[in-house]
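Spelled out, the chains give:
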Amino acid sequence: MDRSSLLQLIQEQLDPENTGFIGADTFTGLVHSHELPLDPAKLDMLVALAQSNERGQVCYQELVDLISSKRSSSFKRAIANGQRALPRDGLLDEPGLGVYKRFVRYVAYEILPREVDRHWYFYRHRSCPPPVFMASVTLAQIIVFLCYGARFNKWVLQTYHPEYMKSPLVYHPGHRARAWRFVTYMFMHVGLEQLGFNALLQLMIGVPLEMVHGLLRISLLYLAGVLAGSLTVSITDMRAPVVGGSGGVYALCSAHLANVVMNWAGMRCPYKLLRMVLALVCMSSEVGRAVWLRFSPPLPASGPQPSFMAHLAGAVVGVSMGLTILRSYEERLRDQCGWWVVLLAYGTFLLFAIFWNVFAYDLLGAHVPPPP
């Protein structure tokens, strides 16, 4: 029996008068009688929903959300009110787990702040599809870097090579009409130090985030940070090029760090204060290095060096759009007013940046370096 047939059977047998409510105990018996037990986390949450209602009933729509694995904000409130029905044992007490399941449990405690969400993720997680987006982006960046490194025979400060800016991937203000460059610059890097920093954070933070929140949401956040980075540079540092995936990386990292801070008491990751300090120090050091290279280049250069504003723009995207996504685990974003506010703000920024790139350079008489 598929999901739609199960829902139709539930409504016909348990709610024939279309009252919108179903007895939780009766529903559990029906599921077991048809040999269709839900995941343990879903059964626990079903009981929690019933406990949140004085008459021990579950709203039919909330039941649909539960079976379809998408939870509304009202579902979340009901779970919060009924948490006394959930098992008190944490996932750390689960015995006999294999290596991969232990890794899934580790990810749950690293990313999610509430035990009910950690249970939900642990029992519902499937290894297929794997977190391919962040791994693919990182692999592509490494391949591109190796190709250009071998071509230039230069592995540090590649931007000082006279042929570097001729790459069709680099964002250069003289090539603003080539719109793909506003995104493809994320595959190019200044040198081994920037690539190593970005790749490490993409794998350590991006992959767990993708495992929990899914490819679509994390890829949207990453690419939104990348695009905001290049557009911000085109507005605030009009003569500078941009390279590196730092806009997307800082969107992921700032969103995760902000989520940890806002749910500090609930996060169970070990040494969280020390790790928070180290992350902030590393991110600040990377921004400082980018500022130094932009305004005090250590080698003679034929033009301005890459801007650091992409880092800051990515952080803003992470704290706004990213935090909204991470705080909406398994909830529909379209049902949340805050999500539409963030999208409206981001869309307004995009429109402003497009008009700026089309008209402002000529109106302001900006002296853009000649395109390579």
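A quick note: this is a predicted structure, and the numbers were derived from the prediction, not measured.

Side note on empty space enclosed by the protein
- Summed over the entire model, instances satisfying the criterion amount to 2 cavities of 30 Å³ or more.
- Taken as a whole, the largest cavity holds about 80 Å³ of empty space.
- The wall of the largest cavity is formed by Val190, Gln194, Val243, Arg289, Ala290, Leu293, Pro306, Ser307 and His311.
- Residue contributions to the lining of the largest cavity peak at 3 residues, all from helix α13 (residues 272-295).

Here's the deal with the side chain of Thr232
- Among the secondary structure elements, Thr232 is positioned in helix α11 (residues 215-236).
- Among the residues examined, Thr232 registers a relative accessible area of 13% and is labelled buried.
- Engagement of the side chain of Thr232 in a polar contact is seen with the backbone oxygen of Ala228, the distance being 2.6 Å.

Considerations on a nonpolar patch on the surface
- A cluster of nonpolar side chains, Leu351, Ile354, Phe355, Val358, Phe359, Leu363 and Leu364, forms an exposed patch at the surface whose accessible area comes to about 780 Å².
- Tracing the chain through its elements places Phe355 in helix α15 (residues 337-364).

Some details on the UniProt feature "active site" (unreviewed entry) in the chain
- Annotation from UniProt places "active site" (unreviewed entry) at Ser246 and His311. For the annotated residues, spread through 66 residues, the largest C-alpha to C-alpha distance comes to 5.5 Å, consistent with a single compact locus. Checking the named residues against the largest cavity, the ones that line it are His311.
- Relative to the helices and strands, Ser246 is located in helix α12 (residues 246-262).
- For Ser246, a relative accessible area of 2% puts it in the buried group.
- Residues in contact with Ser246, not counting those within four places in the same chain, are Gln194, Asn198, Glu286 and His311.
- Structurally, the position occupied by His311 is in helix α14 (residues 309-326).
- Residue classification places His311 among the buried positions, given a relative accessible area of 4%.

A word on the packing of helix α6 (residues 99-111) against helix α10 (residues 192-213)
- α10 packs onto α6 with a crossing angle of 95° between their chain directions and a minimal axis gap of 10 Å. By the angle class used here, α6 and α10 are roughly perpendicular. On α10, the residues touching Tyr100, Phe103, Val107 and Ile111 of α6 are Pro208, Leu209, Met211, Val212 and His213.
- In terms of residue class, the contact of α6 with α10 is made up of 8 nonpolar, 1 polar and no charged.

Details of the pattern of salt bridges
- In the structure shown here, the tally under the stated rule is 7 salt bridges.
- Here Glu163 ties to Lys166 by a salt bridge, and the two come within 3.3 Å at their closest N and O atoms.
- You can call Lys166 partly exposed: its relative accessible area is 46%.
- Overlapping salt bridges, with partners in common, bring together Glu193, Glu286 and Arg289 in one network.

Re the UniProt feature "transmembrane region" (unreviewed entry) in the chain
- The sites that carry the UniProt feature "transmembrane region" (unreviewed entry) are, in the present numbering, residues 132-151, 182-203, 215-235, 247-266, 273-295, 307-326 and 338-359.
- Split by type, residues 132-151 is 100% helix and 0% strand. Its first and last C-alpha atoms lie 28 Å apart.

Here's the deal with the environment of Leu97
- Inspection of the secondary structure puts Leu97 in the loop between α5 (73-81) and α6.
- With near-sequence residues (within four places) excluded, Leu97 lies in contact with Arg102, Arg105 and Phe122.

What to know about α14
- Given a rise of 1.5 Å per residue, 18 residues ought to cover 26 Å, and the 24 Å separating the end C-alpha atoms of α14 matches this to within 8%.
- By the largest-angle criterion, Gly318 marks the main kink of α14, which is about 35°.
- Among the 18 residues that make up α14, 13 are buried, leaving the element largely enclosed by the rest of the structure.

Description of unusual backbone geometry
- Of note in this structure, Asn153 is not a glycine but carries a positive phi near 55°.
- Even without glycine at this site, Leu157 takes up a positive phi of about 55°.
- For Leu157, the position within the fold is in the loop between α8 (132-152) and α9 (181-184).
- Residue classification places Leu157 among the buried positions, given a relative accessible area of 15%.

What about the nonpolar core?
- One finds Tyr121, Tyr222, Val317 and Met321 to be the most contacted residues of the largest nonpolar core, which totals 64 residues.
- A total of 9 residues in this core trace back to one element, the largest contributor, which is α11.
- Discounting chain neighbours no more than four positions away, the residues touching Tyr121 are Val104, Val107, Ala108, Leu112, Met211, Val212 and Tyr329.
- In terms of nonpolar packing, the next biggest core, distinct from the first, is built from 12 residues, Leu157, Tyr164, Val170 and Val190 among them.

Focus on the environment of Val291
- Among the structural elements, Val291 can be located in helix α13.
- Residue classification places Val291 among the partly exposed positions, given a relative accessible area of 28%.

Focus: the packing of aromatic side chains
- Enumeration over the complete set of coordinates arrives at 10 aromatic pairs.
- Where Tyr148 meets Phe152, the ring centres are 5.7 Å apart and the plane angle is 50°; that geometry is what we call tilted. Of this pair, Tyr148 and Phe152 both sit in helix α8, 4 residues apart, roughly one helical turn.
- With centroids separated by 6.3 Å and ring planes inclined at 50°, the aromatic side chains of Tyr346 and Phe349 adopt a geometry described as tilted. Taken together, the positions of Tyr346 and Phe349, both in helix α15 and 3 residues apart, correspond to about one turn of that helix.
- By relative accessible area, Tyr346 is classed as buried at 15%.
- Above the ring of Tyr361, the side-chain terminus of Arg176 is found at 3.7 Å from the ring centroid.
- Here the basic side chain of Lys272 rests over the ring of Trp264, its NZ or CZ set 4.8 Å away from the ring centre.

Cut-offs applied
- Residues numbered from 1 in each chain as written.
- Predicted model: local features only at pLDDT ≥ 70, side-chain atom pairs only at ≥ 80, totals over all residues.
- Heavy atoms only, no water.
- 1 Å grid on protein atoms, 1.4 Å probe; cavity = no way out; pocket = protein on both sides within 12 Å on 5 of 7 lines; lining within 4 Å.
- Points joined across faces, edges and corners; volume = space filled by probe spheres on them.
- Helix = DSSP H or I, 4+ residues; strand = E, 2+ residues; numbered from the N terminus.
- Buried < 20%, exposed > 50% of the residue type's maximum accessible area, 1.4 Å probe, protein only.
- Polar contact = N/O pair within 3.5 Å; in protein donor to acceptor, adjacent residues only side chain to side chain.
- Patch = residues over 30% accessible without salt bridge, like charges linked within 9 Å, V, L, I, M, F, W, Y side chains within 5 Å.
- Areas by Shrake-Rupley, 256 points an atom, 1.4 Å probe, with all protein chains shown as cover.
- Salt bridge = Lys/Arg side-chain N within 4 Å of Asp/Glu carboxyl O.
- UniProt positions renumbered as here; feature names shortened; annotations may be inferred.
- Contact = heavy atoms within 4.5 Å.
- Axes fitted to C-alpha atoms, helices over the stretch in contact; angles between N-to-C directions.
- Parallel < 35°, antiparallel > 145°, perpendicular 65-115°, else oblique.
- Nonpolar A, V, L, I, M, F, W, Y, C, P; charged D, E, K, R; others polar.
- Expected span 1.5 Å × (residues − 1).
- Bend = angle between axes of the 7 residues up to and from the residue.
- Core = buried A, V, L, I, M, F, W, Y, C linked by side-chain atoms within 4.5 Å.
- Phe/Tyr/Trp six-rings, centres within 6.5 Å; stacked < 30°, edge-to-face > 60°.
- Lys NZ or Arg CZ within 6 Å of the ring centre and 35° of its normal.

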